[in-house]
Each structure stands twice: as structure tokens, then as C-alpha cells.
Amino acid sequence: MASIELEKLIKNYGAFRAIKGIDLSIEDGSFVTFVGPSGCGKSTLLRMVAGLEEISGGKLKIDGRVVNDLEPRERDIAMVFQDYALYPHMSIAENIGFGLKMRGVAKAEISRQVQEAADILQITPLLERKPGQLSGGQRQRVAMGRAIVRRPQVYLFDEPLSNLDAKLRVDMRTQIKRLHTLLKTTTIYVTHDQVEAMTLADHIVILKDGVIMQQGKPVSVYERPISRFVGEFIGSPKMNIIESHLVTDAGRPELRFGEFILPVTGATALNGAKIDIGIRPEHLIPCTQEDALFSARTDVLEPLGSDTHAICLLGDTEITARLAPDPSYQPGQILHFTADADKIHFFDTKSGDRLDISAMPLVAAV
Ligand SMILES: Nc1ncnc2c1ncn2[C@@H]1O[C@H](COP(=O)(O)OP(=O)(O)O)[C@@H](O)[C@H]1O
Ligand SMILES: [Mg+2]
């Protein structure tokens, strides 16, 4: 097992800088996810850790030792990709044990380790089959089995579940988490899927354009996104953003949007400043008209059984509310909403940065 340190890591592809000076500390035994939109540099950064991509600047340390110039095989790392290549003519057991065989491990020991990995991954009945006789999910588990038997210091995953269907993805996600609980091997896991990133991680790193936007415990990032980008990226359905402007005329600052008003404190911005109000769908609370922060017309209802997503229109702005299932909701109906003041986020419209403003307590949500 090992800790990993990234110090001012840079990657240039010719004149293009894909990774722009990344500092990151990964604790021994932790599970870190890299998440961000396509092209933000997740794979590049992971491949730099693996030694598959040359480092243009900065330092990479594994267990305190600078490994910038070490070959991949000298780094004691196992990587699992989205496209896993299994040897088609070998049995599953041979595929899993192949790396051990190449290292000259004794036959009985290989067999023992293959059996152990197969137990963990629940693929024991498949060991005598050939890869061609397996489903995509089973093949992906075999690829993980190969990584497990190596017992490396670090596991690296690059979108390993992207080719699987939705249900299998969720099953495999659980399995990967269970595996980490069991082995406690330091893991970096790359995904563009924020749900995967949130559910798997001890520590989540959100990247954009080769820069870390925010990092921390998944729940902390969720509760306190430092920008509109992070707020909208993490969470599903995504955070509602309502454009407003600040009015300080009466001495008491308030945000106005359409005919609605939200009194705030801590606002030091200028009169007229444009501010985005962010409220997550699960934080909108249905209420009476008198208590409402705002009212919106229901456009589409999506009943999920466990809850219902109501997509409403507030002027031109689409607002999604996550509501308890109630068959009486109808499209076209006006719904009134309030929210807990401390569940409302504020961002500078122009920069997208989080603002240190608080909403005054709202009547029905107190
Ligand atoms: N071999 C390469 N040569 C030039 N540019 C590359 C190369 N690999 C990746 N890039 C660029 O670097 C950026 C980051 O890519 P990548 O790490 O693959 O993103 P992600 O995995 O987050 O989708 C992208 O703009 C991509 O086009
Ligand atoms: Mg990638």
C-alpha cells in the first residue's frame, strides 16, 4: 500500500497544456475519484501516475519516493481500463493467473491466488470457460481479477464500467467498493459519472480544463460547492440555478427574480449585481402560497415510484423539484415552494464563484 503525492504536475502535448499544475495528496489506503467533463484531463493524469505518459513538469511521489522517471512496471501499480484485453485462447483461470506465471510463481500458489480472487469477485463457476463465453460484466470482473492477484501498491481504474449496461454498472460499483473495503489498497478511479464518483470515493477530485476545481469528502463538496460549475456537476437531478439581481435600496439587501424576493445577509456587492441562486431539487419544499419563496407552473412530471421529479417553469427558467410521490400532482398546476435558508447557495453570475451570502430564514422552512 502507498500514499501518492502530486506536486505541481504538468503535462504538455506540444503547445497544448492538458494538465496545468496539479497539487494533490492521496492518503495510503484511500479511494480517490477523479471526475469531470470529457477532455478535462482525467485519463492523462491517471496515465501520468501509471507511468504511461511522460511528466512535463512537477513531481510525482509514491510512498515518499519521486517516481517521475520510473517505468510503469517499476511502480507496482495495476491498472484496469474500459477496454480490457483478455487472451481469447486461455481459460479464465489462466487469464487471471497469467501475470503470476510470467513472474515464475509456483503453480500451486497461482492456483490458490486465482481461487481467492475468483471468490472475491464471485466468478468461481466461470474459471474453466474461455473469455468468448462470458458476458461483458463477467469479462470486466476477470480483468479486475487479474489486477487483484498482482496485489499491487496502487490500483488505477479508468472508466472501467463505461461499456456496461446501467444495472450491471451499479452491481459492479458495489463490488469495487466491497473490494476496497476488503483490500484497503490505495485506489484512483476515473469516471465522468458523478454518481459513481460520489458513491465510491473517500475523497473526490473535480477537474475541469486540466485544473482541480474542488476536492474533498463527497458530502462536503455536495453541501458546499465552491462554484456554480461544481454545484451543477455534482448531484442528480442537477442543482437549479435562478438568475437574480441584488437590490440594496431599502438598506436591507434582497435578491429579486421576476416578481419574487429573497432577503439576504452578508451581501457586500453593488446594487444591481447579478447573482445566481442555487437550490438542489431535493431542497425545494412545497408550501402554501403565502409562505412561498416562489411559485412555478408544473410542466412535466416524472414519477419514479420512490419520488416524483416535477419540472416546473419559473418564467423561462426550468426548475426541477424532487417531491414525495403524490398522484394528485398535475401538469399545468401551480406549485409553491420554499427552502431551508442554509440549503440555498449563491454564486457570482459572471465568475461562477461561490458568494459568502446567506438567505434570511424563510417562514415555512424555519
Ligand atoms: N496524445 C495526445 N496528444 C494530444 N492531446 C491529447 C493527447 N491525449 C489527450 N490529449 C488532450 O488532452 C486533454 C485531456 O484529455 P484526457 O485526459 O483524455 O481527458 P478525459 O480523460 O478527462 O476525457 C484533451 O483536450 C485531449 O484532447
Ligand atoms: Mg478519459
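Residues numbered from 1 in each chain as written. Chains lettered and ligands numbered in written order. Predicted model: local features only at pLDDT ≥ 70, side-chain atom pairs only at ≥ 80, totals over all residues. Heavy atoms only, no water.

1. Quick notes on the UniProt feature "domain: ABC transporter" (unreviewed entry) in the protein chain
- UniProt tags residues 4–234 as "domain: ABC transporter" (unreviewed entry).
- Secondary structure over residues 4–234 splits into 37% helix and 26% strand, and the C-alpha atoms at its two ends are 25 Å apart. (UniProt positions renumbered as here; feature names shortened; annotations may be inferred. Helix = DSSP H or I, 4+ residues; strand = E, 2+ residues; numbered from the N terminus.)

2. Looking at helix α4 (residues 136–149)
- With 14 residues, α4 ought to run about 20 Å at 1.5 Å a step, and its terminal C-alpha atoms sit 20 Å apart, in line with that.
- Counting buried residues along α4, 10 of its 14 residues qualify, which places the element largely inside the surrounding structure.
- Those residues of α4 not exposed but buried are Gly-137, Gln-140, Arg-141, Val-142, Ala-143, Met-144, Gly-145, Ala-147, Ile-148 and Val-149. (Expected span 1.5 Å × (residues − 1). Buried < 20%, exposed > 50% of the residue type's maximum accessible area, 1.4 Å probe, protein only.)

3. Details of the sheet that holds strand β2 (residues 16–26)
- The four strands are arranged β2-β1-β4-β5 in an open sheet whose pairing can be described as antiparallel. Sheet topology places β2 and β5 (65–66) at the edges, where each strand pairs with a single neighbour.
- Across two bridges, strand β4 (residues 57–62) lies against β5 in antiparallel orientation. What sits directly across from Ile-62, in β5, is Arg-65.
- Strands in contact with helix α1 (residues 42–50) are β1 (4–13), β2 and β4; relative to β1, the strand with the most contacts, it is inclined by about 115°. (Pairing = 2+ DSSP bridges. Contact = heavy atoms within 4.5 Å. Axes fitted to C-alpha atoms, helices over the stretch in contact; angles between N-to-C directions.)

4. Side note on the pattern of salt bridges
- Applying the stated criterion across every chain, the model contains 12 salt bridges.
- Between Arg-228 and Asp-276 there is a salt bridge, and its shortest N-O distance comes to 2.3 Å. Linking Arg-228 in helix α8 (residues 228–233) with Asp-276 in strand β14 (residues 274–279), this pair joins segments that are 48 residues apart in sequence.
- Assessed through its relative accessible area of 3%, Asp-276 is described here as buried.
- Linked through salt bridges whose partners overlap, the residues forming this network are Glu-109, Arg-112, Glu-116 and Arg-151. (Salt bridge = Lys/Arg side-chain N within 4 Å of Asp/Glu carboxyl O.)

5. A short note on the site of ligand 1
- Taken together, Tyr-13, Phe-16, Ala-18, Pro-37, Ser-38, Gly-39, Cys-40, Gly-41, Lys-42, Ser-43 and Thr-44 make up all the residues around ligand 1.
- Between ligand 1 and the protein, one listed contact pairs an oxygen atom with a backbone N or O atom of Cys-40 at 3.2 Å.
- Take Ser-43: an N or O atom from its side chain is 2.8 Å from an oxygen atom of ligand 1.
- Burial of ligand 1 by the protein amounts to 58% of the accessible area it has alone, namely 560 Å².
- The set of elements that each furnish at least two residues to the shell around ligand 1 consists of β2 and α1.
- The element best represented in the shell around ligand 1 is α1, accounting for three residues. (Near = heavy atom within 4 Å. Polar contact = N/O pair within 3.5 Å; in protein donor to acceptor, adjacent residues only side chain to side chain. Areas by Shrake-Rupley, 256 points an atom, 1.4 Å probe, with all protein chains shown as cover.)

6. Details of the packing of aromatic side chains
- Scanning the model with the defined rule gives nine aromatic pairs in all.
- Between Tyr-155 and Phe-157 the ring centres are 6.3 Å apart and the planes differ by 40°, which places this aromatic pair in the tilted class.
- On the basis of relative accessibility, which here comes to 4%, the residue Tyr-155 falls in the buried class.
- Ring plane angle 20° and centroid distance 5.7 Å describe the contact between Phe-229 and Phe-233, whose orientation is recorded as stacked. With Phe-229 and Phe-233 both in helix α8 and four residues apart, this pair spans about one turn of that helix.
- Of the aromatic side chains, those joined through ring pairs into one cluster are Phe-31, Tyr-155, Phe-157 and Tyr-189.
- Sitting above the plane of the Phe-229 ring, Lys-208 keeps its charged end 4.8 Å from the centroid. (Phe/Tyr/Trp six-rings, centres within 6.5 Å; stacked < 30°, edge-to-face > 60°. Lys NZ or Arg CZ within 6 Å of the ring centre and 35° of its normal.)

7. Here we look at the side chain of Lys-42
- The residue Lys-42 is located in helix α1 in this model.
- There is no salt bridge for the buried Lys-42, and the closest opposite charge comes from Glu-159, which lies 4.4 Å off by N-O distance.
- In terms of polar contacts, Lys-42 uses its side chain to reach the backbone carbonyl oxygen of Gly-36, at 2.9 Å.
- Polar side-chain contacts of Lys-42 include one of 3.2 Å to the backbone oxygen of Pro-37.
- Apart from residues lying up to four places away in sequence, Lys-42 is in contact with Phe-34, Val-35, Gly-36, Pro-37, Glu-159, Val-190, Thr-191, His-192 and Leu-207. (Lys, Arg positive; Asp, Glu negative; His and termini not counted.)

8. What about the domain arrangement of the protein chain?
- Domain assignment breaks the protein chain into domain 1 (4–231) and domain 2 (239–365).
- Taking only C-alpha atoms, the centre of domain 1 and the centre of domain 2 are 39 Å apart.
- Counting from both sides, the interface comprises eight residues of domain 1 and, opposite them, 12 residues of domain 2.
- Carbon and sulfur atoms supply 44% of the area buried between domain 1 and domain 2, which totals about 890 Å² over both sides.
- When residues of domain 1 are sorted by the area they lose upon contact with domain 2, Tyr-222, Arg-228 and Gly-231 head the list and together hold 62% of the total.
- The interface formed by domain 1 and domain 2 contains one salt bridge.
- Counting across the interface, domain 1 meets domain 2 through eight residue pairs in polar contact (both at pLDDT 80 or more). (Domains from an automatic or database assignment. Buried area = accessible area lost by both parts, 1.4 Å probe.)

9. Some words on the packing of α4 against helix α5 (residues 166–183)
- As a packed pair, α4 and α5 sit with axes 11 Å apart at the nearest point and diverge in direction by 15°. Between α4 and α5, the crossing angle belongs to the class labelled roughly parallel. Two packed elements cross with a definite hand, and for α4 against α5 that hand is right-handed. Residues Gly-137, Gln-140, Arg-141, Met-144 and Ile-148 of α4 pack against Leu-168, Met-172, Gln-175, Ile-176, Leu-179 and Leu-183 of α5.
- The class makeup of the residues in the contact of α4 with α5 is seven nonpolar, three polar and one charged. (Parallel < 35°, antiparallel > 145°, perpendicular 65-115°, else oblique. Left-handed = near helix turned anticlockwise from the far one by under 90°. Nonpolar A, V, L, I, M, F, W, Y, C, P; charged D, E, K, R; others polar.)

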